[in-house]
Amino acid sequence: MKKEDVPQDLSSLGKMSKEVCYATDNSGKYVTKLSKGWDIKITALDATWQDIEERIAAAHEKVLHKETSPLLFFMERGLMDIGILASYTGFWKWQIKRHLKPGVFKNLPDKKLRRYAEVFNVSVDDFKNMNVHED
Amino acid sequence: MKINFEHLQSAHCENGVTQSLLKNIGVHQITEPLAFGIGSGLFFVYIPLLKINNGPVIAFRTLPGHIFKRTCQELGIQVVRKKFTSKEQAETFLNECLASGHPVGCQVGVYYLPYFPKEYRFHFNAHNIIVYGHEEDKYLVSDPVMENVATLSSYELERVRFTKGLLAPKGQIYYPKARAIVTEVQIKKAIRSGIKKNANNMLQIPVPIVGVKGIRYTGNRIKKWRDSLGLKQAGLYLAQLVRMQEEIGTGGGGFRYIYGAFLQEAHAYHPIDTLLEISKMFTLSGDLWRTAAVQASGIYKGRIGSQEDFNVMGDYLLEIAEIERKAFLALSKIKWRT
């Protein structure tokens, strides 16, 4: 990549900090240049986030239809899979899988619910009722 | 308390931490490309059975921690490295390091990193920062991919040092043990050895998913993604490929460019003209990674998406694999004079 081709498409990171890029000058020598971002990278991130939003919405629907528990909704929202959640909460993976069933979830004691709620940074009530307050 | 420390911005976090920490102990010759090259940073691996953020696990550089470790090893610098199970001990140890005048590298997760934009905060645990002091309630942080220094409260720092999941940092701290003077002879030797090791990693590991073979494998897999995953999921996989390739700051096949820059710097120590020729091959490879990313973006934006488009995408990777194979083969055959 030539120095003058270093992209300057403003990304969400670019608003806070530019990134260092390595590129070649006229004589072919490598130099560094700051970049505000690259459209291709921005859209890759956008596509990923769009998918995440869709997954959250789908989880929300499923909870309302009693096909899963609010846990799934908060997992999607926290970009977590069962493995990550297991290591944050200390539950086993199979326990989490069980807690994803609405019938099991309904009867979970507050003590267990609190472990989840703390990880997701919400109150137990909000956790049970799938309430979120945008931050 | 503040240690005399100069913040340097770099393209990649671990390179940057390595560069800054080594400069700080007196290795004035070190640059980001040298750290990357001596640490044998260039790599490729695609792990088909593992998933991260619902997408494929693909890395364009060596395992986290290796660049620092190998660079120090090659230059004969002793390293202190510690992981913790207790958060209190982790903080106490950090404070002791700072009190004794050592800026330290910390492995952190970015999910809770407050100065990153929200869009970048995934459960990615292999980010590296330097903590170089403590003022009032705040730790002073030099994040090598950022233009400016930052601060973190002790709670915030503890949180990012103890994120969970794949490659969990476990409060990992590392720093060079003592001041060191590195001679030109040592650097020459380190460059040679770093190149050899890197060529080995890319060419010789007998597993189809790593190195040059891994790039080829991924290229062939991509051609099948449309059928096996469906257009939408395949697009998301490609977006993930681009995101991994373009980790913050490596802008556009960035690791290949850094390696190209490294070979030019290596030429200053070893005046063998082949190094400059091979540097151009890495520039070419970096350019092709960029072109491939543009093709991928056409697919995840939904602008294109026929099987032919996936074939073109896969073929770019096959072409890249061939260029990098030739480049590393040439590197492994260099006749070093010193």
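Residues numbered from 1 in each chain as written. Chains lettered and ligands numbered in written order. Predicted model: local features only at pLDDT ≥ 70, side-chain atom pairs only at ≥ 80, totals over all residues.

**Some details on the overall build of chain B**
Argument step 1. Within chain B one finds 11 helices and 8 strands.
Argument step 2. Taking 2.2 N^0.38 as the reference for a compact globule, 338 residues should give roughly 20 Å; the C-alpha atoms of chain B span a radius of gyration of 20 Å, in line with that estimate.
Argument step 3. Projected onto its principal axes, the C-alpha positions of chain B cover 60 × 50 × 30 Å.
Argument step 4. Among the 338 residues that make up chain B, the fraction classed as buried is 51%.
Argument step 5. Of the contacts formed within chain B by residues at least 6 apart in sequence, a portion of 71% connects residues at least 24 apart. (Helix = DSSP H or I, 4+ residues; strand = E, 2+ residues; numbered from the N terminus. Rg over C-alpha atoms; globule rule 2.2 N^0.38 Å. Buried ≥ 20, exposed ≤ 12 C-beta atoms within 10 Å, placed from the backbone. Contact = placed C-beta atoms within 7 Å.)

**A few points about the domain arrangement of chain B**
Residues and elements named next belong to chain B.
Argument step 1. Each assigned domain of chain B is listed here: domain 1 (27–78 + 178–338) and domain 2 (80–175).
Argument step 2. Here domain 1 and domain 2 have C-alpha centroids that lie 27 Å from each other.
Argument step 3. Taken together, the contact pairs 6 residues of domain 1 with 9 residues of domain 2.
Argument step 4. Here the residues of the side of domain 1 that touches domain 2 sort into 4 nonpolar, 2 polar and no charged. (Domains from an automatic or database assignment. Nonpolar A, V, L, I, M, F, W, Y, C, P; charged D, E, K, R; others polar.)

**Overview of the sheet that holds strand S4 (residues 104–108) of chain B**
Residue and element names in this part refer to chain B.
Argument step 1. The antiparallel open sheet is built from 6 strands, whose spatial order is S3-S8-S4-S5-S6-S7. The sheet terminates laterally at strand S3 (79–82) and strand S7 (150–153), the two strands that pair on one side only. On average, each strand axis in the sheet is inclined to that of its neighbour by 35 degrees, with strand direction left out of account.
Argument step 2. For S4 and strand S5 (residues 127–135), the ladder comprises 5 bridges, and the chain directions are antiparallel. Along S5, the bridge assignment pairs Gln-107 with Asn-128.
Argument step 3. Against the sheet, helix H5 (residues 154–161) contacts S4, strand S6 (138–142) and S7, and its axis sits at roughly 90 degrees relative to S7. (Pairing = 2+ DSSP bridges. Axes fitted to C-alpha atoms, helices over the stretch in contact; angles between N-to-C directions.)

**Quick notes on the domain arrangement of chain A**
Argument step 1. Taken domain by domain, chain A comprises domain 1 (3–37) and domain 2 (41–129).
Argument step 2. On a C-alpha basis, the centroid separation for the pair domain 1 of chain A and domain 2 of chain A is 39 Å.

**Concerning the environment of B:Met244**
Residues and elements named next belong to chain B.
Argument step 1. Relative to the helices and strands, Met-244 is located in helix H8 (residues 231–245).
Argument step 2. A C-alpha to C-alpha distance of 6.4 Å links Met-244 and Ala-59, two positions 185 residues apart in sequence.
Argument step 3. Setting aside residues up to four positions removed in sequence, Met-244 forms contacts with Ile-58, Ala-59 and Phe-60.

**Looking at the interface of chain B and chain A**
How big an interface is tends to be expressed through the accessible area that disappears when the partners come together.
Argument step 1. Counting from both sides, the interface comprises 41 residues of chain B and, opposite them, 31 residues of chain A.
Argument step 2. Of all the secondary structure elements, the ones that give two or more residues to the side of chain B that touches chain A are H8, helix H9 (254–269) and helix H10 (273–300) of chain B.
Argument step 3. Taken together, the residues of the side of chain B that touches chain A break down into 17 nonpolar, 16 polar and 8 charged.

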